[in-house]
Amino acid sequence: MKKLLYIISLFLLAACNDGDIIEKYTYQQEGIKVAVDVNISGTESWPDGYSVTLSGFSLPQNDKTSSAEYSEISKQIINGNGSTHTTLCGIPQSVNYLEIKVLNRIRQRVVTLWQKEFTNEEKSTRDTLKIDAGSINAGMFNYIQNEYFNNSCANCHGLGEHAAAGLFLTEGKSYAALVNVKSSKRADLNLVTPGDTANSVLHKILKGEFPEVKHNHSDNLDLEQDKILIDNWILSGAGEE
């Protein structure tokens, strides 16, 4: 028994003299770490299936237009109503753009809200890279207004004092002109009926399913996912933010 106690004592003494075991085996996470500060609003306006994220992408140099790429790494921005701090860890060297994006369920790029080239010099830092992304309105309707109505629809529905069909889709006027407003062509339909695409003229006209108008609007938006996004805005309640 005395011999056994002596052996145990020697073992414990050796362990104590081995130093700080926890520090010796500390795990070092691979990849780059970035912390982004942003004053962001409207993140909660996106329905299920979409998420506002800080993401990393590998894109051809100076490519800011692709909409069918997938993120290599992403983290959802939580509590996006005001000043928000989001840290993205383990970013691989292959990432050359950092973006605040809206992604769909399969991490596909849907909406670009902010983009910054991630340079080799920035990747070489061993410290956390800190970035200020400024202020962003991430609201779903705000995106629809800026990306679709302003860039396409308002060319006819907003120029001068007499918009086509009396419908103004310019900023500050479009929401009140669309949501729960009766169609002048079909008294049984609204231009936008919250939660109901089948009874929304906007849905039908973008699909080319509204023969009551002469002009074909089905090619006004380039991608099918743009039409799906507008449909999802309607289905989720057609919020104004």
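Residues numbered from 1 in each chain as written. Predicted model: local features only at pLDDT ≥ 70, side-chain atom pairs only at ≥ 80, totals over all residues. Heavy atoms only, no water.

Draft legend 1. Structural detail: the packing of aromatic side chains. The final tally for this structure, using the stated rule, is five aromatic pairs. Centre to centre, the rings of tyrosine 143 and tyrosine 148 are 5.8 Å apart; their planes meet at 85°, and the pair counts as edge-to-face. You'll find tyrosine 143 and tyrosine 148 in the same group, each marked buried. By way of ring pairs, the aromatic residues Phe141, Phe149, Tyr175 and Trp233 are connected into one cluster. Over the ring of phenylalanine 57 we find lysine 101; its NZ or CZ atom is 6.0 Å from the centre of that ring. (Phe/Tyr/Trp six-rings, centres within 6.5 Å; stacked < 30°, edge-to-face > 60°. Buried < 20%, exposed > 50% of the residue type's maximum accessible area, 1.4 Å probe, protein only. Lys NZ or Arg CZ within 6 Å of the ring centre and 35° of its normal.)

Draft legend 2. Quick peek at the sheet that holds strand 6 (residues 109-117). The strand order across the open sheet built from four strands is 3-2-5-6, with neighbouring strands paired in antiparallel fashion. Each edge of the open sheet is held by one strand with a lone partner, namely strand 3 (73-76) and strand 6. Ignoring strand direction, the axes of neighbouring strands in this sheet form an average angle of 25°. With seven bridges connecting them, strand 5 (residues 97-103) and strand 6 associate as antiparallel partners. Across the sheet, the residue bridging to glutamate 99 is glutamine 115, located in strand 6. (Pairing = 2+ DSSP bridges. Helix = DSSP H or I, 4+ residues; strand = E, 2+ residues; numbered from the N terminus. Axes fitted to C-alpha atoms, helices over the stretch in contact; angles between N-to-C directions.)

Draft legend 3. How the structure looks around the nonpolar core. In this structure, Trp46, Ile91, Ile100, Leu229 and Trp233 are the most contacted members of the largest nonpolar core, which totals 53 residues. Tallying contributions element by element places helix 4 (residues 140-149) first for this core, with six residues. The contact partners of tryptophan 46, leaving out residues within four places of it in the chain, are Val52, Val102, Val111, Ala138, Gly139, Met140, Tyr143 and Leu229. (Core = buried A, V, L, I, M, F, W, Y, C linked by side-chain atoms within 4.5 Å. Contact = heavy atoms within 4.5 Å.)

Draft legend 4. Spatial organisation of the side chain of lysine 204. Turning to its location among the elements, lysine 204 is positioned in helix 6 (residues 201-206). Buried charged residue lysine 204 carries no salt bridge. Nearest counter-charge: glutamate 209, at 5.1 Å. One polar contact links the side chain of lysine 204 to the main-chain carbonyl oxygen of alanine 198, over a distance of 3.4 Å. With sequence-adjacent residues up to four places away left out, lysine 204 is seen in contact with Leu189, Ala198, Glu209 and Phe210. (Lys, Arg positive; Asp, Glu negative; His and termini not counted. Salt bridge = Lys/Arg side-chain N within 4 Å of Asp/Glu carboxyl O. Polar contact = N/O pair within 3.5 Å; in protein donor to acceptor, adjacent residues only side chain to side chain.)

Draft legend 5. Up close: the sheet that holds strand 7 (residues 129-137). Ordered by their spatial adjacency, three strands build an open sheet running 4-1-7, and the pairing between neighbours is mixed. Every interior strand has two partners, whereas the edge strands, strand 4 (82-91) and strand 7, have only one. Mean inter-strand twist for the sheet, computed between neighbouring axes without regard to direction, equals 20°. Examined bridge by bridge, strand 1 (residues 32-41) and strand 4 share eight bridges and lie antiparallel to one another. Within the sheet, the bridge partner assigned to isoleucine 32 lies in strand 4 and is isoleucine 91.

Draft legend 6. Local environment of the packing of helix 4 against helix 7 (residues 224-235). For the pair helix 4 and helix 7, interaxial distance at closest approach is 11 Å and the crossing angle is 145°. The crossing of helix 4 and helix 7 is left-handed. In this structure, helix 4 contributes Met140, Phe141, Tyr143, Ile144 and Tyr148 to the contact, and helix 7 contributes Asp226, Leu229, Ile230, Asn232 and Trp233. By residue class, the composition of the contact of helix 4 with helix 7 is eight nonpolar, one polar and one charged. (Left-handed = near helix turned anticlockwise from the far one by under 90°. Nonpolar A, V, L, I, M, F, W, Y, C, P; charged D, E, K, R; others polar.)

Draft legend 7. Representation of the side chain of glutamine 145. With respect to the helices and strands, the residue glutamine 145 is situated in helix 4. Its relative accessible area of 3% is what places glutamine 145 among the buried residues.

Draft legend 8. Main features of the confidence of the model for the protein chain. Across the protein chain, the average pLDDT comes to 84, with 84% of residues at or above 70. Contacts from residues 2-29, a stretch scored under 50 in pLDDT, to residues over four places away or in other chains number three contacts. (pLDDT = per-residue confidence, 0-100.)

Draft legend 9. Representation of the pattern of salt bridges within the structure. Using the criterion set out here, one finds six salt bridges in the structure. The partner of arginine 186 in a salt bridge is aspartate 188, with the nearest N and O atoms 2.9 Å apart. Taking the shortest distance from any N to any O, the salt bridge between glutamate 212 and arginine 186 comes out at 3.4 Å. Of this pair, glutamate 212 sits in the loop between helix 6 and helix 7 while arginine 186 sits in the loop between helix 5 (174-178) and helix 6, placing them 26 residues apart in sequence. A network of salt bridges, in which partner residues are shared, links Glu99, Lys101 and Arg109.

Draft legend 10. Structural detail: helix 4. Most of helix 4 is tucked away: eight of the 10 residues are buried. Buried within helix 4 are the following residues: Met140, Phe141, Asn142, Tyr143, Ile144, Gln145, Tyr148 and Phe149.

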